[in-house]
Amino acid sequence: MDRTTEKDSNYTGLENMSVKELLQNINNEDKTVPAAVEKALPKIEALATITAERMRNGGRLFYIGAGTSGRLGVVDASECPPTFGVPFDWVIGIIAGGDSAIRKAVEFAEDDTEQAWKDLAEFNINDKDVVVGIAASGTTPYVIGGLKAANENNVITGCIVCNSGSPIAAEAKYAVEVITGPEFLTGSTRMKAGTAQKLVLNMLSTAVMIQLGRVKGNKMIDMQLSNNKLIDRGTHMVMSETGLDEQESARLLRENGSVRKAVEAFHK
């Protein structure tokens, strides 16, 4: 295994840099992340394809992780219902240490190899589901244990890691390795590695939801109308799809509760 995320930064004397120099150098490192993600596109495609296939047949998508990786999974999962109008139990993010660990680190939670499967079992996980382990290092025991147990129970497994040849990638059936290299601040994988993981999660959940019919054209037609900004956006989507004026589109949207239903009602 090559632990590039732990290697010394390409920079030193950070405390002697001006603010401008700090920002420029961080930005220079960040520019390398999309290229690293691009190299992993075939693996991301495979994971997105099998995930959509399983979800079409009643499966769910689970993310498991610790620290920053776990938080990123929780963020992506929590954004799926408002963005795509799916139930809250379609995409589920689980973080080592429980929800309290989202805001405050729970010591040694990531070192428990058995807890992830216990956490998954609370959701009655089954062989229709998909579990994606997220870990920059690729060595988090919580994630390794969860993927191993999932494999033993015939659950599809994937991962998003930022080192090559890791134990987590070896355990996952659909491994995504995005090699981001040394961090600007040595070992701080909330930086480039975290950015890479977020980009992959964006790709994964968006591609899956599009495959599941949750997008029309380029519009989020099933988004939840949970604030005035989204109601206004939905109204303009209805205007675009129907040719109605703003007032009539707003009325149709209000009566039907979603862009999809409003447009379907118009065409009946």
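*Asks:* How should I be thinking about helix α4 (residues 67-84) in this particular structure?
*Replies:* Given 3.6 residues to a turn, an α-helix orients residues that are three or four positions apart in the same direction. In this model, α4 (18 residues) spans 26 Å end to end at C-alpha, consistent with the 26 Å of a helix rising 1.5 Å per residue. When we look at burial in α4, the residues that qualify are Ser69, Gly70, Leu72, Gly73, Val74, Asp76, Ala77, Cys80, Pro81 and Phe84. Elements in contact with the buried residues of α4: β1 (61-65), β2 (91-95), β3 (130-135) and α8 (192-211). A positive phi of about 70° marks glycine 85, the residue just after α4.

*Asks:* Whenever I open this one, the sheet that holds β2 confuses me. Can you help?
*Replies:* Picture the strands of a sheet paired through backbone hydrogen bonds; they go either parallel or antiparallel. Read across the open sheet, the five strands follow the order β2-β1-β3-β4-β5; overall the sheet is parallel. Both edges of this open sheet fall to β2 and β5 (174-177), since each of them pairs with a single strand only. Averaged over all neighbouring strand pairs, the angle between strand axes comes to 15°, with direction disregarded. Sheet topology places strand β4 (residues 156-161) next to β5; four bridges connect them, and they run parallel. Note that in β5 the partner of glycine 158 across the bridge is tyrosine 174.

*Asks:* Would you mind showing me how to read the layout of surface pockets here?
*Replies:* Empty pockets left among the atoms are what a rolling probe the size of a water molecule brings to light. Considered as a void within the structure, the largest pocket measures approximately 230 Å³ in volume. Looking at the largest pocket, it is lined by 13 residues, and the ones nearest its centre are Ala66, Ser69, Glu110, Thr140 and Thr189. Elements with a minimum of two residues in the lining of the largest pocket: α4 and β3. The element that contributes the greatest number of residues to the lining of the largest pocket is α4, accounting for three residues. Residues that form the lining of the largest pocket fall into these classes: four nonpolar, seven polar and two charged.

*Asks:* Got a minute to help me understand the packing of helix α9 (residues 228-242) against helix α11 (residues 259-267) in this structure?
*Replies:* The relative placement of two packed helices comes down to the angle between their axes together with the axis-to-axis distance. Put simply, α9 and α11 touch, their axes get as near as 10 Å, and they point 30° apart. In this view, α9 runs roughly parallel relative to α11, as classed from their interaxial angle. Relative to α11, the crossing made by α9 is right-handed. Contacts between α9 and α11 pair Gly234, Met237, Val238, Glu241 and Thr242 from the former with Val259, Ala262, Val263, Phe266 and His267 from the latter. When the residues that make up the contact of α9 with α11 are grouped by side-chain class, the tally is six nonpolar, three polar and one charged.

*Asks:* Where do I start with helix α10 (residues 246-256) in this structure?
*Replies:* Buried within α10 are the following residues: Ser249, Leu252 and Leu253. Along α10, the residues classed as buried sweep out an arc of 100° about the axis, all on the same side. Those residues of α10 that are exposed and aimed more than 90 degrees away from the buried face are Gln247, Arg254 and Glu255. Packed against the buried residues of α10 are α9 and α11. N-capping of α10 is provided by aspartate 245, with a side-chain oxygen placed 3.3 Å from the backbone N of glutamine 247.

*Asks:* Would you take a moment to explain the environment of serine 166 for this structure?
*Replies:* With respect to the secondary-structure elements, serine 166 resides in the loop between β4 and α7 (167-171). By relative accessible area, serine 166 is classed as buried at 2%. Look past the residues within four positions of serine 166 in its chain and what remains in contact with it is Met1, Ser137, Gly138, Val161 and Glu177.

*Asks:* Explain a negative patch on the surface to me, please; I cannot follow it from the model alone.
*Replies:* A surface patch of like charges, here negative, comprises Glu110, Asp111, Asp112 and Glu114. Here aspartate 111 is to be found in the loop between β2 and α5 (115-121).

*Asks:* Would you take a moment to explain the environment of alanine 175 for this structure?
*Replies:* One can find alanine 175 in strand β5. Taking C-alpha positions, alanine 175 is 17 Å from threonine 4, a pair spaced 171 residues apart along the chain. Each residue touching alanine 175, except ones within four places of it in the same chain, is listed here: Lys43, Cys159 and Ala169.

About the criteria used
Residues numbered from 1 in each chain as written. Predicted model: local features only at pLDDT ≥ 70, side-chain atom pairs only at ≥ 80, totals over all residues. Heavy atoms only, no water. Helix = DSSP H or I, 4+ residues; strand = E, 2+ residues; numbered from the N terminus. Expected span 1.5 Å × (residues − 1). Buried < 20%, exposed > 50% of the residue type's maximum accessible area, 1.4 Å probe, protein only. Contact = heavy atoms within 4.5 Å. Pairing = 2+ DSSP bridges. Axes fitted to C-alpha atoms, helices over the stretch in contact; angles between N-to-C directions. 1 Å grid on protein atoms, 1.4 Å probe; cavity = no way out; pocket = protein on both sides within 12 Å on 5 of 7 lines; lining within 4 Å. Points joined across faces, edges and corners; volume = space filled by probe spheres on them. Nonpolar A, V, L, I, M, F, W, Y, C, P; charged D, E, K, R; others polar. Parallel < 35°, antiparallel > 145°, perpendicular 65-115°, else oblique. Left-handed = near helix turned anticlockwise from the far one by under 90°. Arc of directions from axis to C-beta. Polar contact = N/O pair within 3.5 Å; in protein donor to acceptor, adjacent residues only side chain to side chain. Patch = residues over 30% accessible without salt bridge, like charges linked within 9 Å, V, L, I, M, F, W, Y side chains within 5 Å. Areas by Shrake-Rupley, 256 points an atom, 1.4 Å probe, with all protein chains shown as cover. Salt bridge = Lys/Arg side-chain N within 4 Å of Asp/Glu carboxyl O. Lys, Arg positive; Asp, Glu negative; His and termini not counted. Charge placed at Lys NZ, Arg CZ, Asp CG, Glu CD.

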